[in-house]
Amino acid sequence: MRGRVRPGPRLLRLAWLTLVWILLWGTFSWANLIGGIAVALFVVLLFPLPGIASGGRLRPLGLARVGLRIAGELVVSSLQVAWQSIRPGPPIRSSVVEVTFEERSELLMAALVEALSLVPGSVVVDADAERGVLWVHVLGADSDAEVEEFRAQVRSLEKSLLTTGIAAVRVERDEEGVA
């Protein structure tokens, strides 16, 4: 993939950025279309994306299962956060939890960060992809048992994501080691 530049992904990005530009203006006009193409070209040329190397394919069925799982967790945690915010009693305590991973895939780390930040009650504070560590602020996790339960949930989510083939996708580095 290094020696050959494929125009498909770049053209798709240009089309997508142009569409977003037109939608942001709210009306279609030739001026918006030409301006959108100009801005899209500027962005794609000024901020090129790194190459992606894949040792396999993503599994759509696995992705669908993970999507359904995250949707289920979204509903459950939304109800938990709603209950915690209206329940009587002392204020809710929270913790910043460190979770480590064996797999060092940048795409896996990005997917975990997105999934954890999407679900109410948890926000990723920091991430270190090289060491495979996430620090997550978790609402309602103030005991050792609750912290370990959260870590187990995240590791289970990691295993689910690994079944999708996401770890086989890697960012290619250039000669200087920059992605």
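Our subject is the structure listed above.
Presented here is an overview of the structure given in this document. (Residues numbered from 1 in each chain as written. Predicted model: local features only at pLDDT ≥ 70, side-chain atom pairs only at ≥ 80, totals over all residues. Heavy atoms only, no water.)

Notes on the pairing of strand β3 (residues 122-128)
Counted only if it meets this: Two strands make a pair as long as DSSP finds a minimum of two bridges between them. Helix numbering and strand numbering both begin at the N terminus, where a helix is a DSSP run of H or I of at least 4 residues and a strand a DSSP run of E of at least 2.
Two strands pair when backbone bridges link them, and β3 and strand β4 (residues 133-139) are joined in this way by six bridges, in the antiparallel orientation. Counted as the bridge partner of Asp126 is Trp135 from β4. Once β3 ends, the chain turns through four residues before running back antiparallel as β4, passing Gly132 with a positive phi of about 70°.

Some words on the sheet that holds β4
Across a sheet, paired strands are connected by hydrogen bonds in the backbone, their directions being either parallel or antiparallel. This is how it is decided: Note on method: axes are straight lines fitted to C-alpha atoms, helices fitted across the in-contact stretch only, with angles between N-to-C directions ranging 0 to 180 degrees. Throughout, a residue-residue contact means that at least one pair of heavy atoms, one from each residue, lies within 4.5 Å.
An order of β2-β4-β3 is seen for the three strands of this open sheet, with the pairing classed as antiparallel. Both edges of this open sheet fall to β2 (94-100) and β3, since each of them pairs with a single strand only. The average angle at which neighbouring strand axes cross in this sheet is 20°, direction not considered. Most of the contacts of helix α5 (residues 144-162) go to β2, to which it runs at about 45°, and overall it touches β2, β3 and β4.

Thoughts on the pattern of salt bridges
Worth spelling out the cut-off: Between Lys or Arg on one side and Asp or Glu on the other, a salt bridge is scored when a side-chain nitrogen of the former is within 4 Å of a carboxyl oxygen of the latter. Throughout this description, buried means an accessible area under 20% of the type-specific maximum (1.4 Å probe, protein chains only), exposed means over 50%, and partly exposed covers the range between.
Tallied over the full model, the rule gives four salt bridges. Notably, a salt bridge pairs Glu73 with Arg69, separated by 2.9 Å at the nearest N-O pair. Of this pair, Glu73 and Arg69 both sit in helix α3 (residues 60-86), four residues apart, roughly one helical turn. On the basis of relative accessible area, Arg69 is assigned to the partly exposed category, the value being 22%. Here Asp142 and Arg93 are joined by a salt bridge, their closest N and O atoms 4.0 Å apart. Taken together, the positions of Asp142 in the loop between β4 and α5 and Arg93 in the loop between α3 and β2 put the pair 49 residues apart, joining distant regions of the chain. Asp142 sits in the partly exposed class, given a relative accessible area of 44%. Under the relative-accessibility criterion, Arg93 is labelled exposed at 57%.

Regarding a nonpolar patch on the surface
As a reminder of what qualifies: Patches here: salt-bridge-free residues with over 30% relative accessible area, like charges joined within 9 Å, nonpolar side chains (Val, Leu, Ile, Met, Phe, Trp, Tyr) joined within 5 Å. Method for areas: the Shrake-Rupley scheme with a 1.4 Å probe, in which residue coverage is limited to the protein chains shown.
Taken together, Trp16, Leu19 and Leu23 make up a surface patch of nonpolar side chains, about 360 Å² in accessible area. In this structure, Leu23 sits in helix α1 (residues 7-25). Classification of Leu23 by relative accessible area gives exposed; the value is 61%.

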